[in-house]
Protein chains: 2
Amino acid sequence: MSEGEFDLIARIRQRVALRGDVALGIGDDCALLVPPPGMQLAVTMDTLNAGVHFPADTAPADIGWKALAVNLSDLAAMGAQPAWCTLSLTLPQADAAFVDGFCEGFFALARQHGIALVGGDTTRGPLSVGIAAHGFVEPGRALRRDGARVGDDVWVSGTLGDAAAALAQWKADAAMTPGLRARLDRPTPRVELGRALAGLAGACIDVSDGLLADLAHLCRASGVGAELDAAALPASESLRATFDADVRRALQATGGDDYELCFTAPTTQREALEALSRALGLPLSRIGRIVEGRGVSCDGIGHAASGYQHFA
Amino acid sequence: MSEGEFDLIARIRQRVALRGDVALGIGDDCALLVPPPGMQLAVTMDTLNAGVHFPADTAPADIGWKALAVNLSDLAAMGAQPAWCTLSLTLPQADAAFVDGFCEGFFALARQHGIALVGGDTTRGPLSVGIAAHGFVEPGRALRRDGARVGDDVWVSGTLGDAAAALAQWKADAAMTPGLRARLDRPTPRVELGRALAGLAGACIDVSDGLLADLAHLCRASGVGAELDAAALPASESLRATFDADVRRALQATGGDDYELCFTAPTTQREALEALSRALGLPLSRIGRIVEGRGVSCDGIGHAASGYQHFA
């Protein structure tokens, strides 16, 4: 392949959907955007590198999906409504087939959430995808990490450990179970849930580094501790069928890449959250409680923060 | 070095300056920002990769400076006032000395322009720096590429070709002339000029890929052509002292990485622009004119777009 940068940009640009609040999109030195009056702007930026954040042989469409998904998950964890994003795509060589595949996954997810690609760049280098995502949230309603209070319930959405299980299979050169691999390659950002939690939940974080580690971040920011019940951690059928209870528990508690939301809420919100679970068709599990002190324990055993660290 | 990701983030975070419009900075899933009422948001994102955009042995402080400078230059080319940025820093290993050096250059430039770092991530991988930058511009005053009109003068700020000359020396394994290398490593984003041009200039672009190529982008967006006078292209003393006239002209016309602003303005603005040049202490050179037709010619010789393409 020997297409130039501008051809690659043209391939991407032709897929872009319009939004009324994009005054000027791809093609100038900057995008020009019109923030809605009275809203705060939530901004996040995450980069995925080949061989570190995804297996090097991951399908381009899955890479496009996942790179956007992890950023949408950050918006979800803040309770923000997705609006705009920029993309820095670094490729070893100009590869139109890769870009087309990438766009397929990227824009499939972008369409689901009405987020518009408004700018960015393409460069040459080892495969890497950086995305900055922007969303809107009402002042005072954002789901910050520092809003947990002693006595709150701890909740988590969906199921835990599936992505880490697929990653463990990959690292062991074993065949990845399809149901697990799908969760690793195409995580579902819980955007609707995050929007609905703004006003119900006290604090929220997305599970990217592992439940214990991420909940520990939340507890530290809030100045509290948490006690979890291992038996309450939700597991998928795929995970139950593939791993015994001990390994499964470890994957659920410490495995990253699930992109579920872990949040706290007063006990008075239990009925509202159960109703929300039914309305969204998404399991919400009560997995523990916020306590005085520091750190996170599970079935009474304390844990140091032990999630994924990029340089550990 | 074996510091973890969170230690690196802490090293960066302690350098961050506050702004009143940052409701929540580094440390949560998203930053929360408060856009000023009635302004448009200008957003850009550029990534620099080691060995592609800068020599691998570039000082960390220069990498930090340049990565921010190229993004500030995009805001300048739009006439926007810098406000916030996010940083994705990819490092082969956790290296506190690198991060400290990087921060020195990055924050030295950030302070000059009052831009606040509000989020991002650090990941493991081949050295790469991605930045998304945000600025404000009054609706209708942004310096778009499509505002050039037949009869306008073409102007350029500062001097051209210095960065490309240093790069040519580097590629030839020759010693880089200090005055030229400084322009490659520590480009000056023309932020004040960009702000002042909003309202004076018709169209504007920053010279990142080379004058002829970047002016061709501007002409294409505006549906016009341009004629340049080679003798009018501004050259630094360092460039004059180091290269003969032919090589110098080629570097000035086609070399990238200068990050000067190339803009168009009606002839009625000549006096205002000369006064602006004196007020800013920055040379502004009238280098040609906008004409009917397509493409850019220099001394009557037509040129295909021939600037830097990342995948050429």
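Just above, that's the structure.
Residues numbered from 1 in each chain as written. Chains lettered and ligands numbered in written order. Predicted model: local features only at pLDDT ≥ 70, side-chain atom pairs only at ≥ 80, totals over all residues. Heavy atoms only, no water.

Caption draft 1: Representation of the overall build of chain A in the model. Counting its secondary structure elements, chain A contains 10 helices and 13 strands. In terms of overall dimensions, chain A is globule-like: its C-alpha atoms have a radius of gyration of 20 Å, near the 20 Å expected for 312 residues. Split into buried and exposed, the 312 residues of chain A put 60% on the buried side. Contacts in chain A between residues far apart in sequence, at least 24 positions, make up 85% of those at least 6 positions apart. On chain A, roughly 11400 Å² of surface is accessible, and the fraction owed to carbon and sulfur atoms is 51%. (Helix = DSSP H or I, 4+ residues; strand = E, 2+ residues; numbered from the N terminus. Rg over C-alpha atoms; globule rule 2.2 N^0.38 Å. Buried < 20%, exposed > 50% of the residue type's maximum accessible area, 1.4 Å probe, protein only. Contact = heavy atoms within 4.5 Å. Areas by Shrake-Rupley, 256 points an atom, 1.4 Å probe, with all protein chains shown as cover.)

Caption draft 2: Structural view of the relation of the copies chain A and chain B. Between chain A and chain B, the superposition needs a rotation of 180° and an axial shift of 0.0 Å, giving an RMSD of 0.0 Å. Such a combination of turn and shift is consistent with a two-fold rotation axis. Of the residues that chain A buries at the interface, 100% are likewise interface residues in chain B, meaning the two copies contact each other through the same surface. (Least-squares fit on C-alpha atoms with pLDDT ≥ 70 in both.)

Caption draft 3: Main features of unusual backbone geometry. All names here are of chain B. The residue Tyr259 is not glycine, and still its phi comes out positive at about 55°. With respect to the secondary-structure elements, Tyr259 resides in the loop between α9 (245-254) and β10 (261-265). Backbone geometry places Asp299, a non-glycine residue, at a positive phi of 50°. Within the secondary structure, Asp299 sits in the loop between β12 (295-298) and β13 (301-303).

Caption draft 4: A look at the sheet that holds strand β8 (residues 203-206) of chain B. Residue and element names in this part refer to chain B. One open sheet holds the 7 strands; their spatial order is β8-β10-β7-β11-β9-β12-β13, and the pairing between them is mixed. Only two strands of the sheet have a single neighbouring strand rather than two, namely β8 and β13. Taken over all neighbouring pairs, the strand axes of this sheet differ in orientation by 30° on average, direction set aside. Of the strands in this sheet, β8 and β10 are in contact with helix α2 (residues 60-78), which crosses β8 at around 170°. (Pairing = 2+ DSSP bridges. Axes fitted to C-alpha atoms, helices over the stretch in contact; angles between N-to-C directions.)

Caption draft 5: Focus on empty space enclosed by the protein. For the structure on display, the rule yields 3 cavities of 30 Å³ or more. Of the voids in this model, the largest cavity is the one considered here, and its volume is about 70 Å³. The wall of the largest cavity is formed by 13 residues, among which A:Thr47, A:Ser128, A:Gly130, B:Thr47 and B:Gly130 lie closest to the centre. Those elements giving two or more residues to the lining of the largest cavity turn out to be β3 (40-49), β4 (81-91) and β6 (128-137) of chain A together with β3 (40-49), β4 (81-91) and β6 (128-137) of chain B. Here the lining of the largest cavity takes 3 residues from β6(A), the largest share from any one element. (1 Å grid on protein atoms, 1.4 Å probe; cavity = no way out; pocket = protein on both sides within 12 Å on 5 of 7 lines; lining within 4 Å. Points joined across faces, edges and corners; volume = space filled by probe spheres on them.)

Caption draft 6: Geometry of the packing of aromatic side chains. In the structure shown here, the tally under the stated rule is 10 aromatic pairs over all chains. Considering the side-chain rings of A:Phe106 and A:Phe107, the 5.0 Å spacing of their centres and the 75° angle between planes classify their relative orientation as edge-to-face. Considered together, A:Phe106 and A:Phe107 belong to a single accessibility category, that of buried residues. Where B:Trp84 meets B:Phe136, the ring centres are 5.1 Å apart and the plane angle is 80°; that geometry is what we call edge-to-face. Here B:Phe136 lies in strand β6 and B:Trp84 lies in strand β4, a separation of 52 residues in the sequence. Like B:Trp84, the residue B:Phe136 is buried in the burial classification. Here the guanidinium or amino end of A:Arg286 rests over the ring plane of A:Trp155, the centre of that ring lying 6.0 Å away. (Phe/Tyr/Trp six-rings, centres within 6.5 Å; stacked < 30°, edge-to-face > 60°. Lys NZ or Arg CZ within 6 Å of the ring centre and 35° of its normal.)

Caption draft 7: Expanded view of the packing of α2(B) against helix α3 (residues 96-113) of chain B. Residue and element names in this part refer to chain B. Direction vectors running N to C along α2 and α3 enclose 35°, while the axes themselves pass 6 Å from each other. The interaxial crossing formed by α2 with α3 has right-handed handedness. Contacts between α2 and α3 involve Pro60, Ala61, Ile63, Gly64, Trp65, Leu68, Ala69 and Leu72 from the first element and Phe98, Gly101, Phe102, Glu104, Gly105, Phe106, Ala108, Leu109, Ala110, Gln112 and His113 from the second. Within the contact of α2 with α3, the residues separate by chemical class into 13 nonpolar, 5 polar and 1 charged. (Left-handed = near helix turned anticlockwise from the far one by under 90°. Nonpolar A, V, L, I, M, F, W, Y, C, P; charged D, E, K, R; others polar.)

Caption draft 8: Representation of helix α4 (residues 162-171) of chain A within the structure. Residue and element names in this part refer to chain A. Those residues of α4 that fall on the buried side of the exposure criterion are Asp162, Ala163, Ala164, Ala165, Ala166 and Gln169. On its buried face, α4 sits against α5 (178-185), α8 (237-242) and α9 (245-254). Phi turns positive one or two residues past the end of α4, at Asp173, with a value near 55°.

Caption draft 9: Representation of the interface of chain A and chain B. Listed as interface residues are 65 residues of chain A and, on the opposing side, 65 residues of chain B. With both chains or domains summed, chain A and chain B bury close to 5200 Å², and 58% of this area falls on carbon and sulfur atoms. On inspection of chain A and its partner chain B, the count reaches 4 salt bridges. In this structure, the salt-bridge partner of A:Asp28 is B:Arg145, at a minimum N-O distance of 3.6 Å. Along the contact surface separating chain A from chain B lie 21 residue pairs in polar contact (both at pLDDT 80 or more). (Buried area = accessible area lost by both parts, 1.4 Å probe. Salt bridge = Lys/Arg side-chain N within 4 Å of Asp/Glu carboxyl O. Polar contact = N/O pair within 3.5 Å; in protein donor to acceptor, adjacent residues only side chain to side chain.)

Caption draft 10: Just the side chain of A:Ser285, in detail. Within the element layout of this structure, A:Ser285 appears in strand β11 (residues 284-291). Ignoring anything within four residues of it in the chain, the contact list for A:Ser285 reads A:Val154, A:Trp155, A:Val156, A:Ala232 and A:Pro234.

Caption draft 11: Summary view of helix α10 (residues 270-280) of chain B. Residues and elements named next belong to chain B. Within the span of α10, buried status applies to Leu273, Leu276 and Ser277. Buried residues of α10, viewed axially, fall in a sector of 105°; they line one side. The outward face of α10, more than 90 degrees from its buried face, is lined by the exposed residues Glu271, Arg278 and Ala279. Tucked into the core, α10 has its buried residues touching β7 (153-157), α6 (191-197), β10 and β11 (284-291). (Arc of directions from axis to C-beta.)

Caption draft 12: Seen up close, the packing of helix α1 (residues 5-13) of chain B against α3(B). Residue and element names in this part refer to chain B. Remark: α1 packs on α3, axes separated minimally by 10 Å, with the N-to-C direction vectors making an angle of 30°. Between α1 and α3, the angle falls in the class roughly parallel. Like other packed secondary-structure pairs, α1 and α3 cross with a definite hand, here right-handed. Along its contact with α1, which presents Leu8, Arg11 and Ile12, the element α3 presents Ala96, Val99, Asp100, Cys103 and Phe107. Tallied by class, residues from the contact of α1 with α3 come to 6 nonpolar, no polar and 2 charged. (Parallel < 35°, antiparallel > 145°, perpendicular 65-115°, else oblique.)

Caption draft 13: Region of interest: the pattern of salt bridges. Residues and elements named next belong to chain A. Applying the stated criterion across every chain yields a total of 34 salt bridges over all chains. Among the salt bridges present, the one from Asp100 reaches Arg11, with a minimum N-O distance of 2.8 Å. Note that Asp100 is positioned in helix α3 (residues 96-113) and Arg11 in helix α1 (residues 5-13), a separation of 89 residues in sequence. The partner of Asp257 in a salt bridge is Lys66, with the nearest N and O atoms 3.5 Å apart.

Caption draft 14: Summary view of the sheet that holds strand β5 (residues 116-124) of chain B. Reading across the sheet, the 6 strands line up as β1(A)-β2(A)-β3(B)-β6(B)-β4(B)-β5(B) and stay open at both edges, with mixed pairing between neighbours. Each edge of the sheet is formed by a strand with only one pairing partner; in this case those strands are β1 (22-24) of chain A together with β5 of chain B. Mean inter-strand twist for the sheet, computed between neighbouring axes without regard to direction, equals 20°. As judged from the 10 bridges shared by β3(B) and β6(B), these two strands associate in the antiparallel manner. Note on β6(B): the bridge partner recorded for B:Val43 is B:His134.

Functional significance is not addressed by these values, which are geometric in nature.
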